[in-house]
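# Coordinates in review
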Amino acid sequence: MHKPRYLDEVAELLGDIDAFSGRGASGRRPFQPAHVEPRWPRDRAADVLHIRLEVELDFDRRRIAGTATHRVAAILDDLDRLEFDAAEMEIGAVRAGGEPATFEVREGKLHIGLPRALKSGEEIEVAIDYCAVPRRGLYFVGPDEAYPNKPVEAWTQGEDEDSRYWFPCYDYPNDRATSEVIATVPERFTAISNGALVSSTHNRNAATRTFHWRHDVPHSTYLITLAAGEFVAIEDRAGDVPVHYYVHPGREDDARRAFGNTPRMIRFFERIIGVPYPYAKYAQVAVSDFIFGGMENTSATTQTADTLHDARAHLDFKSDPLVAHELAHQWWGDLLTCRDWSHAWLNEGFATYFEALWCEEDLGADEFAWNLRQDREAYLAEDSREYRRPIVCNRYRAPIELFDRHLYEKGSLVLHMLRREVGDALFFKSLNLYCNRHRGGNVVTSDLERAFEDATGRNLEWFFDQWVYKEGHPDIEVSSSFDDKRKLSSITVKQTHNTSPATPLFRFTATIALMDSEGREIRHRVEVREAEHVFNFPCEKAPKAVRFDPGFDILKTLKHKRGREALEMELKHAPEAIGRGAAARELGREGSPQAVAALRQALLNDSFWGVQADAATALGEIRTEAALDALIEGLRLGHPKARRAVARALGHFRGNPRAASALSSLLSRGDESYFVEAEAALALGRTRDPEAARMLPEVMARESHLDVIRAHALAGMAEMHDERAVSVAREWTVYGKPPRARVAAVGALAKLARHRESWRDEIVDYLLPFADDKEFLVRMRLPGAFEEIGDPRALEPLHRLADRDLDGRVQRRARTAIAAINEGRNRTEQEKRMREDLDKLRDENKRLQQRIEKLEALAIKE
Ligand SMILES: [Zn+2]
């Protein structure tokens, strides 16, 4: 599964760590309360060999009906009962080996009594007639009064354990079966499923069409898919592999733009993994209202239709990360599947790292490093603001809770460190061994570890222990000095984090780069494993700059104080853009005229947009008139992502009419990039200039990819703290408005409520009913909004979301918001008590004072 990166980008723009949750910097909580017990992989009595689903979709009644036939083999002797997961469905009849079988449905399980007991290895076919009106697992999408143009579709989402809502099955990843889906849908629809299309039959009398798909490579139940709608197929190829993109008519160009790199990616992944793409075809179906970015159903990925975009968005928005992620899962997740969710980083960490690898292949080393920087920042934010946990972790309430920044981003960074540790050749050799050894099977982390040990000859237990089974990362402090007499450069490296049984001292190999006055570098490899090391390197002259881990390969935080000259040298000469960007960000804290000049130089002339963007951010922090001049010049930069950062930085100049006028003229003339206009709208609001009040309502009318401009204009209006913003935001929360604008409007209302006490009651009252909103995105955003406002009246709807929402992510966010509001309430009550105590003490004090004065007066008299 994938959370698309644009959400992170948008989140970054809105100053949030997570656009959905809007979680603030409220500090780290435990990942799970103490009472949550470990979960172990499930036991199996039988091995499911083949699953055949013959189903009909009724779009009017949003119902599925049909027969699920399982061929199973007994694992143990004397097997006379079978148990399947079957949630919220009606079971009509069960046949085992062709004979009627007894059955009973209890608490989401279908218990079947077999006509006779099986011996170990003996097979039987079990057919289950069923029907369901699913609330999850299978989603029917269609128009209503508020959204009359929404297309009619149905799509499934099995991961993590939701397949049981649309067919009875053994719903856990530690079993694999071949599968067959025979789906009957209205005649104008196409139904897409796993594997090869066996047949497609037009049933004229019934006005339906039956699609028969068969998948011959065993896979886990959560990967079985069915998507149906009025789709057109765009046909492509990667060598012998047919590649299909399914979209609604009229979106063909958008589909090519979004998915067109798929064949190149297939060939690239085949080459680096050394294992050919293993299935009959590769399809991607773009569906509406999808609840994830993408889902890697075997050979038939489901993608959010949000990833389809027009040519203007394509300037600085790409679907490649999403496409690469789901494609990588076809090997990592589908061909090899985590045995249980606690090892799901073997799916998600891999897919996330392969997104980055595609980026490296397609766009080069600097973009690759930027990609990993986003991973690092996402993980570090979760670690510092939310919780810390080991990557492999079996204490959770719902599996979806594990699908977080530790699983994806930290998992990806761990693979990157493993690659740097053993080198490229051995890394890919090990992956090849791991893939070939376990293809078609279930894996745990020790399988990966063993493959690496066998392929490299190295013992890597220490590596997996510290990065995967333990938690956290090193906090590193670096300082350097030069001994002129001995001609020695000394670099001190300390691990300053608190160590504990959960977070050890870390062991890793890193590079130290010493830069001379010409900007040339000499690099040394060092091994760090102690709390403190001093590394000495002979040097004729004092290095002009010392850089620790210049490629940013090690997952860590780094404190390394150096002077302006060193930073300027790095900004100018570091060969990796990631290092120049880091120097730019540090210079932003320095703020001298020389720093501004160096940053201006980088902003206007660096060859990589990311460094230009970092220079812009730094100038925005310095906030002098000279910094402003440089940023205004920067609005002319060629790369839209650099211009985005410039526009964002201009928002730091609160009350500065020149900044506001630069942003307002950008908005008047328009930018070729949606995202630059969006940034400018938010930044203009942040300046709180009267110009914003004039301009932003006009900007609200602009259509853009994912409503990014409107969302940012709404956030900008909230920043102005203008009363009109409350009514505008309310207007855009209404069901019927575009979903992403609604989400942004909820966020804007939260900000406004927090800003002014007198608006708070009204806004909280207004937001309470949104806990029952039909739109999943809105329910996802709501707990964060309530948390931000901190009003205890939100507790009741939050409890409802925590207990009853169908989505585990909404539940978790609601629980987090409840905890935060309660903490806030306790704090308020504590403060109130303290204030009361203080008042009492003051009164007491006053009385004592009066008595003293009286007594003193008496004493004087006497
Ligand atoms: Zn994924």
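Residues numbered from 1 in each chain as written. Predicted model: local features only at pLDDT ≥ 70, side-chain atom pairs only at ≥ 80, totals over all residues. Heavy atoms only, no water.

## Overview of the environment of Lys561
- By the element assignment, Lys561 lies in the loop between β29 (557–560) and α12 (564–573).
- Looking at Lys561, the relative accessible area reads 82%, which means it is exposed.
- Taking the C-alpha atoms as reference points, Lys561 and Glu586, separated by 25 residues in sequence, lie 9.2 Å from one another. (Helix = DSSP H or I, 4+ residues; strand = E, 2+ residues; numbered from the N terminus. Buried < 20%, exposed > 50% of the residue type's maximum accessible area, 1.4 Å probe, protein only.)

## What to know about the sheet that holds strand β17 (residues 241–247)
- The strand order across the open sheet built from five strands is β16-β17-β18-β20-β19, with neighbouring strands paired in mixed fashion. Two strands close off the open sheet at either side, each with one partner strand: β16 (232–238) and β19 (294–295).
- Packed onto the sheet, helix α3 (residues 262–273) meets β16, β17 and β18 (282–287) and runs at close to 35° relative to β16. (Pairing = 2+ DSSP bridges. Contact = heavy atoms within 4.5 Å. Axes fitted to C-alpha atoms, helices over the stretch in contact; angles between N-to-C directions.)

## Section: unusual backbone geometry
- Looking along the chain, the bond that leaves Glu159 and enters Asp160 is cis, with omega of 5°.
- Note that Asp160 resides in the loop between β10 (153–156) and β11 (177–186).
- One non-glycine residue, Arg62, lies in the positive phi region at around 50°.
- When you line up the elements, Arg62 lands in the loop between β1 (46–58) and β2 (63–74).
- Not every positive phi belongs to a glycine, and Leu706 is a case in point at roughly 55°.
- Inspection of the secondary structure assignment puts Leu706 in the loop between α20 (690–699) and α21 (708–720).

## With respect to the pairing of strand β9 (residues 138–141)
- The alternating pattern of β9 places Leu138 and Phe140 and Tyr139 and Val141 on opposite faces, both of which are buried.
- Two elements, β9 and β10, share four bridges in a ladder whose sense is antiparallel. Residue Leu138 lies in a different strand from β10, and its bridge partner there is Thr156.

## Some words on the pairing of strand β12 (residues 190–193)
- Side chains of β12 alternate between two faces, with Thr190 and Ile192 and Ala191 and Ser193 buried alike.
- Across four bridges, β12 lies against strand β15 (residues 226–229) in antiparallel orientation. Paired with Ser193 across the strands is Leu226, a residue of β15.

## Some words on the side chain of Gln612
- Relative to the helices and strands, Gln612 resides in helix α15 (residues 609–622).
- The buried category is assigned to Gln612, whose relative accessible area is 8%.
- For Gln612, the side chain forms a polar contact with the main-chain oxygen of Leu603, separated by 3.2 Å.
- Of the polar contacts made by the side chain of Gln612, one reaches the backbone oxygen of Asp606; its length is 3.4 Å.
- Ignoring anything within four residues of it in the chain, the contact list for Gln612 reads Ala602, Leu603, Leu604, Asn605, Asp606, Leu637 and Ala642. (Polar contact = N/O pair within 3.5 Å; in protein donor to acceptor, adjacent residues only side chain to side chain.)

## Quick notes on the packing of helix α25 (residues 776–789) against helix α27 (residues 808–861)
- Contact geometry for α25 and α27: axes closest at 8 Å, N-to-C directions at 15°. Here α27 runs roughly parallel to α25, going by the angle between their axes. As α25 packs across α27, the resulting crossing turns out to be left-handed. Taking contact as the criterion, the partners of Phe776, Arg779, Met780, Pro783, Phe786 and Glu787 in α25 are, on α27, Arg809, Val810, Arg813, Ala814, Thr816, Ala817, Ala820 and Ile821.
- Considered class by class, the residues forming the contact of α25 with α27 number nine nonpolar, one polar and four charged. (Parallel < 35°, antiparallel > 145°, perpendicular 65-115°, else oblique. Left-handed = near helix turned anticlockwise from the far one by under 90°. Nonpolar A, V, L, I, M, F, W, Y, C, P; charged D, E, K, R; others polar.)

## Some points on the pattern of salt bridges
- Throughout the structure, instances matching the rule amount to 93 salt bridges.
- Salt-bridge contacts for Arg562 lead to Glu586; the nearest nitrogen and oxygen are separated by 3.5 Å. Taken together, the residues Arg562 in the loop between β29 and α12 and Glu586 in helix α13 (residues 577–587) connect sequence positions 24 residues apart.
- Between Glu586 and Arg589 there is a salt bridge; the shortest N-O distance is 3.5 Å.
- Assessed through its relative accessible area of 64%, Arg589 is described here as exposed.
- Three or more residues joined by partner-sharing salt bridges are found here, namely Arg42, Glu83, Asp85, Lys109, Glu161, Arg164 and Asp171. (Salt bridge = Lys/Arg side-chain N within 4 Å of Asp/Glu carboxyl O.)

## Some points on the packing of aromatic side chains
- On inspection of all chains with the given rule, the structure shows 36 aromatic pairs.
- Taken together, a centroid distance of 4.8 Å and an interplanar angle of 50° make the contact between Trp332 and Phe350 tilted. Separated by 18 residues along the polypeptide, Trp332 in the loop between α5 (320–329) and β21 (336–338) and Phe350 in helix α6 (residues 345–363) bring together distant segments of the chain. In terms of burial, Trp332 and Phe350 fall into one category: buried.
- Its guanidinium or amino end placed over the ring of Tyr170, Arg42 lies 4.7 Å from that ring's centre, counting from NZ or CZ.
- Above the face of the Phe292 ring, Arg809 is positioned so that its terminal group lies 4.0 Å from the ring centre. (Phe/Tyr/Trp six-rings, centres within 6.5 Å; stacked < 30°, edge-to-face > 60°. Lys NZ or Arg CZ within 6 Å of the ring centre and 35° of its normal.)

Remember, this is a structural readout, not a statement about activity or role.
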